[in-house]
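Here's the letter readout for the chains.
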Amino acid sequence: MGCPAHHGYEPFRQDDPFPSYAALRRDEPVMYDERIGYWVVTRYDDVKAVFGDWDTFSSENAQAPVRKRGPEATRIMTEGGFTAYSGLSARIPPDHTRIRKIAQKAFTPRRYRVLEPSIRAHVVSQVEAMLARATPGGDIVRDLAYDVPTVTILTLLGADVTQVEQFKRWSDSRAAMTWGDLSDEEQIPHAHNLVEYWAECRRLVAQAHETGPDSLIGDLVRAQQAGDEITDHEIASLAYSMLFAGHETTTTLIANSVRELLSHPDEWAEVVADPDRIPGAVDEVLRHSGSIVAWRRKALRDAQIGGVDIPEGAEILLVMGSANRDEDRFEDGETFDITRANAREHLSFGFGIHFCLGNLLAKLQAKVALEELVRLAPDLRLTDDADIRFGDNLSFRAPTTVPVTWEARS
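Described in the following lines is the structure provided in the data block. Keep in mind that what you see is a predicted model, and the values were worked out from it rather than measured.

**As for a negative patch on the surface**
Here is step 1: Judged by side-chain charge, E327, D328, E331 and D332 come together as a negatively charged surface patch.
Here is step 2: As for its placement among the helices and strands, D328 is situated in the loop between helix 14 (320-323) and helix 15 (359-376).
Here is step 3: A relative accessible area of 72% means that D328 is categorised as exposed.

Below is the structure:
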């Protein structure tokens, strides 16, 4: 895999990056990778320290395209009125502090409680439809993980729940344009999609002003009208971020939860016998096989990471997928163990002021999905010929398919 100087690390390859992560932690935990222009940081303590020091290591590059936009994609987006900016993850104080404080008022546990029955009903419907096939065989990504989180976030934000395919298409383009390795030509269709996506976010905000829906966007508009300092553009940018982050990573979390548990039949048997183990299993999946394996920061001044001098302006890639297996923090870190006492110390939701606002909703959906799967399909297993692949991406490690089977129902 690549040049030996990089210890086998290939930034955009996600099929099995963990051996290269282990080599980096051991031999060069802070490595400059000239292929992408980033300092790659792989040890737990270093990753957590950078996340925690927002004043030195800014998040302003978190949503910047990894590969520069080509001239035609730039023209399409400029003429199309694309001005979206990060909801929260790439903002820095004081704007980040101001907007997050307002968003937290809307992103409440009450909304989770309201959503849980519909999430569970949707999961049951999807699983029962899969199990009803004449010939046993399904795909957890397609048959369960694809729809459920998307409908959930569309419901939360007051968007059209019948447009799952449309929002998925837009989200795929966002991932490809921001974290992918695209040629100028390959960027063009994605640029058109992002123009459409941003227009829909702005439309949702305008609609909320007119109708005042009981939705998260409606809550933000009402907060603005009550005097909170947040603009329509900032609300639309929050929608732009949440309509992506609110389902893409949860789709992956559900898929990875099933994949990991079925890959470890003894662990699957444990959650079948005792569903109370499921919350711990979800945290162990987040640690061992998180949806996001790397995130970005930028040095605002000369600094050090792990004793290595980092110059002002340096681009930094924090590899949480490596930090979460660091044996200095997690004993026998390469092993998947749903009884692990400190699994919740994982960094898959980040750390510090940018800690993921939707983490509880993501974990709730994974928990409900597993609870209903172990109830309805305790005999579920991976197909014998399962060859699970992961899409190429700098930051997201998402299985393209999780093929499963079960004993034929009479």
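**What to know about helix 10 (residues 216-225)**
Every α-helix carries 3.6 residues per turn, so stepping three or four residues along brings you back to the same face.
Here is step 1: Most of helix 10 sits out of view: seven of its 10 residues are buried.
Here is step 2: Those residues of helix 10 not exposed but buried are L216, I217, G218, D219, L220, V221 and A223.
Here is step 3: Residue G227 follows helix 10 closely and has a positive phi angle near 115°.

**Overview of unusual backbone geometry**
Here is step 1: The peptide bond linking P93 to P94 adopts the cis configuration, its omega dihedral lying at 10°.
Here is step 2: Mapping P94 onto the fold places it in the loop between helix 3 (71-79) and helix 4 (95-106).
Here is step 3: Look at H7: it is not a glycine, yet its phi comes out positive at around 60°.
Here is step 4: Relative to the helices and strands, H7 is located in the segment before helix 1 (18-27).
Here is step 5: Of note in the backbone geometry, D332 takes a positive phi value of approximately 50° without being a glycine.
Here is step 6: When you line up the elements, D332 lands in the loop between helix 14 and helix 15.

**Quick look at the packing of aromatic side chains**
Here is step 1: Using the criterion set out here, one finds 16 aromatic pairs in the structure.
Here is step 2: Consider the rings of W198 and Y240, whose centres lie 6.1 Å apart with planes at 90°: the pair is edge-to-face. Placement of W198 in helix 9 (residues 184-211) and of Y240 in helix 11 (residues 232-263) is noted, with a sequence separation of 42 residues between them.
Here is step 3: For Y240, a relative accessible area of 5% gives the class buried.

**Some details on the nonpolar core**
Here is step 1: Ranked by size, the top nonpolar core spans 134 residues in total, and within it I217, L243, I316, L380 and V404 carry the most contacts.
Here is step 2: Top element by residues in this core is helix 11. It accounts for 14 residues.
Here is step 3: What I217 contacts, discounting residues up to four positions off in sequence, is L157, L204, V205, A208, I235 and A239.

**Structural notes on the state of the cysteines**
Here is step 1: Scanning all chains against the criterion turns up zero disulfides.
Here is step 2: Free of any disulfide, C201 has its nearest neighbouring cysteine sulfur in C356, separated by 17 Å.
Here is step 3: Classification of C201 by relative accessible area gives buried; the value is 0%.

**Looking at the environment of R169**
Here is step 1: Here R169 is to be found in helix 8 (residues 164-179).
Here is step 2: Placed 28 residues apart in sequence, R169 and Y197 show a C-alpha to C-alpha distance of 9.3 Å.
Here is step 3: For R169, the residues in contact, after removing those within four places along its chain, are N193 and E196.

**Focus: the side chain of T42**
Here is step 1: Its location among the elements puts T42 in the loop between strand 2 (38-41) and helix 2 (44-52).
Here is step 2: Here T42 falls in the buried class, since its relative accessible area comes to 0%.

**Here we look at the pattern of salt bridges**
Here is step 1: Enumeration over the complete set of coordinates arrives at 32 salt bridges.
Here is step 2: For R120, the salt bridge is made with E116, and the minimal N-O distance between the two is 3.3 Å. Of the two residues, R120 and E116 are both situated in helix 5 (residues 109-131); the distance of four residues between them amounts to about one turn of the helix.
Here is step 3: Of the residues examined, R120 reaches a relative accessible area of 22% and is grouped as partly exposed.
Here is step 4: Given a relative accessible area of 25%, E116 falls into the partly exposed group.
Here is step 5: By sharing partners, the salt bridges in this structure join E116, R120, K367, E371, E372 and R375 into a single network.

**Quick word on helix 7 (residues 148-157)**
Here is step 1: Counting buried positions over the 10 residues of helix 7 gives nine, a clear majority of the element.
Here is step 2: Three or more residues of helix 7 are buried, namely V148, P149, T150, V151, T152, I153, L154, L156 and L157.
Here is step 3: Buried-residue contacts for helix 7 involve helix 5, helix 6 (140-145), helix 8, helix 10, helix 11 and helix 15.
Here is step 4: G158, located one to two residues past helix 7, shows a positive phi value of around 80°.

**Some details on the sheet that holds strand 8 (residues 315-318)**
Here is step 1: Ordered by their spatial adjacency, five strands build an open sheet running 1-2-8-5-3, and the pairing between neighbours is mixed. Of all strands in the sheet, those with a lone pairing partner are strand 1 (30-33) and strand 3 (57-58), marking the two edges.
Here is step 2: Note: strand 1 against strand 2, four bridges, orientation antiparallel. Looking across to strand 2, one finds that D33 is bridged to Y38.

**A short note on the environment of I92**
Here is step 1: Along the chain, I92 falls in the loop between helix 3 and helix 4.
Here is step 2: In this structure, the C-alpha to C-alpha distance between I92 and G138, residues 46 residues apart in sequence, is 43 Å.
Here is step 3: With near-sequence residues (within four places) excluded, I92 lies in contact with S58, S59 and E60.

**Some points on the packing of helix 7 against helix 11**
Here is step 1: Taken N-terminus to C-terminus, the directions of helix 7 and helix 11 make an angle of 155°; their axes are 8 Å apart at the nearest point. Our classification of the angle between helix 7 and helix 11 gives roughly antiparallel. Note on packing geometry: the crossing formed by helix 7 with helix 11 is right-handed. Counting all contacts with helix 7, which are made through P149, T150, I153, L154 and L157, the residues of helix 11 involved are A239, M242, L243, G246, H247, T250, T251 and I254.

The rules behind these values
Residues numbered from 1 in each chain as written. Predicted model: local features only at pLDDT ≥ 70, side-chain atom pairs only at ≥ 80, totals over all residues. Heavy atoms only, no water. Patch = residues over 30% accessible without salt bridge, like charges linked within 9 Å, V, L, I, M, F, W, Y side chains within 5 Å. Areas by Shrake-Rupley, 256 points an atom, 1.4 Å probe, with all protein chains shown as cover. Salt bridge = Lys/Arg side-chain N within 4 Å of Asp/Glu carboxyl O. Lys, Arg positive; Asp, Glu negative; His and termini not counted. Charge placed at Lys NZ, Arg CZ, Asp CG, Glu CD. Helix = DSSP H or I, 4+ residues; strand = E, 2+ residues; numbered from the N terminus. Buried < 20%, exposed > 50% of the residue type's maximum accessible area, 1.4 Å probe, protein only. Phe/Tyr/Trp six-rings, centres within 6.5 Å; stacked < 30°, edge-to-face > 60°. Core = buried A, V, L, I, M, F, W, Y, C linked by side-chain atoms within 4.5 Å. Contact = heavy atoms within 4.5 Å. Disulfide = S-S within 2.5 Å. Pairing = 2+ DSSP bridges. Axes fitted to C-alpha atoms, helices over the stretch in contact; angles between N-to-C directions. Parallel < 35°, antiparallel > 145°, perpendicular 65-115°, else oblique. Left-handed = near helix turned anticlockwise from the far one by under 90°.

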